[in-house]
Amino acid sequence: MQAGHVSRVRALYRRILLLHRGLPPDLKALGDQYVKDEFRRHKTVGSDEARRFLQEWEVYAAVLWQQTNENQQNATGRVCFGTALPEEKLNDFRDEQIGQLQELMQEATKPNRQFSVTESREPKF
């Protein structure tokens, strides 16, 4: 792998984890774990798949950055993250990816999420 490619991947990975800091704690935990798993899983893919992988994650980072900024400016206090997945993109997914997407959706929308994360508080003395 070229050094430029590796540094681009690392920079994107760090950027996404930084952007996740703007998410609610439970979504941050879910997102962080998913990003770590996906980047690990794609370490050894071919150049075409690596290029597509990076493009999609760059789009994700840009959308998340925009939504985080919009949510910070939103006076109602109601936050909104995510976007609709166009059918043409969904049709390009492999069966494994569809299964992953379904698991992620179920985890993100169930009332009692697997992750129980609370905001850190100052210790009480």
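Bear in mind the structure is a predicted one, so any value in this text is a computation, not a measurement.

What counts as what
- Residues numbered from 1 in each chain as written.
- Predicted model: local features only at pLDDT ≥ 70, side-chain atom pairs only at ≥ 80, totals over all residues.
- Heavy atoms only, no water.
- Helix = DSSP H or I, 4+ residues; strand = E, 2+ residues; numbered from the N terminus.
- Buried < 20%, exposed > 50% of the residue type's maximum accessible area, 1.4 Å probe, protein only.
- Contact = heavy atoms within 4.5 Å.
- Salt bridge = Lys/Arg side-chain N within 4 Å of Asp/Glu carboxyl O.
- Patch = residues over 30% accessible without salt bridge, like charges linked within 9 Å, V, L, I, M, F, W, Y side chains within 5 Å.
- Areas by Shrake-Rupley, 256 points an atom, 1.4 Å probe, with all protein chains shown as cover.
- 1 Å grid on protein atoms, 1.4 Å probe; cavity = no way out; pocket = protein on both sides within 12 Å on 5 of 7 lines; lining within 4 Å.
- Points joined across faces, edges and corners; volume = space filled by probe spheres on them.
- Nonpolar A, V, L, I, M, F, W, Y, C, P; charged D, E, K, R; others polar.
- Axes fitted to C-alpha atoms, helices over the stretch in contact; angles between N-to-C directions.
- Parallel < 35°, antiparallel > 145°, perpendicular 65-115°, else oblique.
- Left-handed = near helix turned anticlockwise from the far one by under 90°.

Undergrad: Can you walk me through the overall build of the chain in this structure?
TA: The helix and strand tally for the chain stands at five helices and zero strands. For the chain, the succession of helices and strands along the chain, N to C, is α-α-α-α-α. For the chain, buried positions account for 20% of its 125 residues. The contacts in the chain between residues at least 6 apart in sequence include a share of 55% that link residues at least 24 apart.

Undergrad: Would you explain the pattern of salt bridges in this entry?
TA: Oppositely charged side chains are able to pair whenever their charged atoms sit close together. The tally for this structure, following the rule as stated, stands at seven salt bridges. A salt bridge links R8 to E58, with the nearest nitrogen and oxygen atoms 2.9 Å apart. In this pair, R8 sits in helix α1 (residues 3-19) while E58 sits in helix α3 (residues 47-73), placing the two residues 50 residues apart along the sequence. By relative accessible area, which is 39% here, R8 ends up partly exposed.

Undergrad: What's the story with a nonpolar patch on the surface in this structure? I'm lost.
TA: On the surface, L85, L90, I98 and L101 cluster together to form a nonpolar patch covering roughly 270 Å² of accessible area. Topologically, I98 is positioned in helix α5 (residues 95-109).

Undergrad: Just checking my understanding: could you explain the layout of surface pockets for this structure?
TA: Gaps between atoms show up when a probe of the same size as a water molecule is rolled over them. Computed from the structure, the largest pocket encloses a volume of approximately 1700 Å³. Forming the boundary of the largest pocket are 38 residues, of which Y34, Y60, L85, F93 and L101 lie nearest the centre. If you list the elements that add at least two residues to the lining of the largest pocket, you get α2 (25-41), α3 and α5. If one sorts the elements of the lining of the largest pocket by residue count, α3 sits on top with 10 residues. Taken together, the residues that form the lining of the largest pocket break down as 20 nonpolar, nine polar and nine charged.

Undergrad: For this particular structure, what's the right way to read the environment of A50?
TA: Mapped onto the elements of the fold, A50 is located in helix α3. Spatially, the C-alpha atoms of A50 and V9 are 9.6 Å apart, while their sequence positions differ by 41 residues. Dropping the residues within four chain positions of it, A50 is found in contact with H5 and V45.

Undergrad: Would you mind going over the packing of α1 against α3 with me for this structure?
TA: Relative placement of two packed helices is described by the angle separating their axes and the distance separating the axes. Direction vectors running N to C along α1 and α3 enclose 30°, while the axes themselves pass 10 Å from each other. In terms of orientation, α1 and α3 fall into the roughly parallel class. Crossing of α1 over α3 shows left-handed handedness. Here α1 contributes H5, R8, V9, L12, R15, I16 and L19 to the contact with α3, which in turn contributes A50, L54, W57, E58, Y60, A61, A62, L64, W65 and T68. Of the residues that constitute the contact of α1 with α3, the class distribution is 12 nonpolar, two polar and three charged.

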